[in-house]
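# Summary of the model geometry
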Amino acid sequence: MTKPYHDIFYKSPDGLTLYARDYDDGAGKPVILAMHGLTRNSADFHELALHLRNRFRVVAVDQRGRGRSDYDADSSQYRPDIYCADMFHLLEYLDLKEVISIGTSMGGLMTMIMASQKPEIFRAAIINDIGPEIAPEGLKRIKGYVGVSRDFASWDEAAEAIKIQQSPDVFPLYTTQDWMAFAKRVCKQTLERRIEFAYDPALANPFKEDDTVSAPVDMWPFFTGLKSIPVLTFRGERSDILSAETLEKMAQLHPDFTAVTIPDIGHAPILTEPESLVAIDSFLKPFT
C-alpha cells in the first residue's frame, strides 16, 4: 500500500540527519508546517494531515531526538533555539518561502520564537494548548515522566502504561482503542520486537535541569510578534499547561485571535476532535 506522504531526510546545521513527513501531491498547495510537542513526533499529525491534504501540503516534522530523526550525542542541544534553527534549515532545504504553522505545546513555543525572528515566513499560526505562560503544575507533571526509559513486551502493555502515565484527568473519555492509537503514535517497535518510546530519553536532561530550556523566561514579547497574522489557539478544558487566564490575556493582546476550548481534554488536544476540525477548517478557509 502506498504511503500518503513522502519521506524527507535532510541535514541539520550541525550535521544530524533529520526527518519529516511530506503530504505533498505536487499540486502547489499552501504549505502547513506541523511541529509536535516535547516527546512526540510527526505521527501526531497523521490524521489531521489526511484531513487537510486535499487543500494543503502538510510537512510534519520529527525534531532531533524524536521519531526517525537522529539522536543528538550532546543532550544540551535539546532546546528550542536549536530546534528552531533546524526548522529554518528545513524550510530552506524545501525552498519554502512562507508557511502556516501548526504547533502543539513545544511546537507552539517554537512558532512564537520563529515568528519573532523571521515574521515574513508565517501566513497564520495554530497554537495547540500552550501560551506565553506555562502553568507550574503541568511542568511538574511532565517532568515526572519525561526521560523515564523503559520498554514493553507488547503494544497492549505500552498502551496501559501510557494511560497510567498521562493521569485520569488528561483524556478521561479515551477508550482502549484510543489508548492503543496513542501508543502507536508515541512508541516504536525494536528489532527485538520490544516496544519503546520513540524519543531519546536524554532530551529530558536540559528540560529537567532548567525550566528556561522548555520556554524562555518571558514569552510575551515573542507572542506579540505574531500580531501581524491570524492566530487560532486551542486549549484543552482540563489543561494543566495553558490556563484559562493566560488564554484570555492572549485574546486581549492579539488583534486577530480565535480561542477554542476543547471539552473533556487535558494537555493536549490531538486536533482530530470534531470541535478542533471545525475550528481548523474555518480558520484555514481564507488560505485555500
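See above for the structure.
The shown structure was predicted, so the numbers you read here are calculated from the model rather than taken from an experiment.

### Re the packing of helix 2 (residues 80-93) against helix 3 (residues 106-117)
- Running from N to C, helix 2 and helix 3 cross one another at 70°; their axes reach a closest spacing of 10 Å. In terms of orientation, helix 2 and helix 3 fall into the roughly perpendicular class. Seen along the crossing, helix 2 lies across helix 3 with a hand that is right-handed. Contacts from P80, Y83, C84, M87, F88 and L91 in helix 2 reach M106, M110, I113, M114 and Q117 in helix 3.
- Per-class residue counts for the contact of helix 2 with helix 3 are ten nonpolar, one polar and no charged.

### Some thoughts on the sheet that holds strand 6 (residues 122-128)
- What the eight strands build is an open sheet, ordered 1-2-4-3-5-6-10-11; its pairing is mixed. Because the sheet does not close on itself, it has two edges, and the strands there are strand 1 (6-11) and strand 11 (257-262). For this sheet, the mean inter-axis angle between neighbouring strands, taken without regard to orientation, is 20°.
- In this sheet, strand 10 (residues 231-236) lies alongside strand 6 in parallel orientation, the contact comprising four bridges. If you follow A125 over to strand 10, its bridge partner there is V231.

### Focus: the packing of aromatic side chains
- In the structure shown here, the tally under the stated rule is 13 aromatic pairs.
- Here F152 and F197 contribute two aromatic rings whose centre-to-centre distance is 5.7 Å and whose plane-to-plane angle is 85°, an arrangement assigned as edge-to-face. Residue F152 is found in strand 7 (residues 151-152), and its partner F197 is found in strand 9 (residues 195-197); the two are separated by 45 residues along the sequence. As far as the burial class goes, F152 and F197 line up, both buried.
- Where F197 meets Y199, the ring centres are 5.9 Å apart and the plane angle is 35°; that geometry is what we call tilted. The same class applies to F197 as to Y199, namely buried.
- Members of the aromatic cluster, each reached through a chain of ring pairs, are F171, Y174, W179 and F182.
- Note that K184 overlies the ring of W155, its terminal NZ or CZ placed 5.1 Å from the centroid.
- Over the face of the ring belonging to W220 we find K249, whose NZ or CZ atom lies 4.3 Å from the ring centre.

### Considering helix 10 (residues 244-253)
- Considered for burial, the residues of helix 10 that qualify are T246, L247 and M250. On an axial view of helix 10, the arc spanned by its buried residues comes to 100°, and they lie on one face. Exposed positions of helix 10 whose direction lies more than 90 degrees from the buried face are E245 and Q252.
- Next to the buried residues of helix 10 lie helix 9 (220-224), strand 10 and strand 11.

### Re the pattern of salt bridges
- Counted according to the given criterion, the structure contains 19 salt bridges.
- Put simply, R40 and D44 hold a salt bridge, and the shortest N to O gap is 3.2 Å.
- By relative accessible area, which is 16% here, R40 ends up buried.
- Relative accessible area serves as the criterion here: at 10%, D44 is assigned to the buried category.
- A salt bridge links D240 to R141; its shortest N-O distance comes to 2.6 Å. Of this pair, D240 sits in the loop between strand 10 and helix 10 while R141 sits in helix 4 (residues 136-145); the two residues are 99 residues apart in sequence, bridging distant segments of the chain.
- Looking at R141, the relative accessible area reads 17%, which means it is buried.
- Through salt bridges with shared partners, one network takes in D14, R64, D72 and D86.

Definitions and limits used
Residues numbered from 1 in each chain as written. Predicted model: local features only at pLDDT ≥ 70, side-chain atom pairs only at ≥ 80, totals over all residues. Heavy atoms only, no water. Axes fitted to C-alpha atoms, helices over the stretch in contact; angles between N-to-C directions. Helix = DSSP H or I, 4+ residues; strand = E, 2+ residues; numbered from the N terminus. Parallel < 35°, antiparallel > 145°, perpendicular 65-115°, else oblique. Left-handed = near helix turned anticlockwise from the far one by under 90°. Contact = heavy atoms within 4.5 Å. Nonpolar A, V, L, I, M, F, W, Y, C, P; charged D, E, K, R; others polar. Pairing = 2+ DSSP bridges. Phe/Tyr/Trp six-rings, centres within 6.5 Å; stacked < 30°, edge-to-face > 60°. Buried < 20%, exposed > 50% of the residue type's maximum accessible area, 1.4 Å probe, protein only. Lys NZ or Arg CZ within 6 Å of the ring centre and 35° of its normal. Arc of directions from axis to C-beta. Salt bridge = Lys/Arg side-chain N within 4 Å of Asp/Glu carboxyl O.

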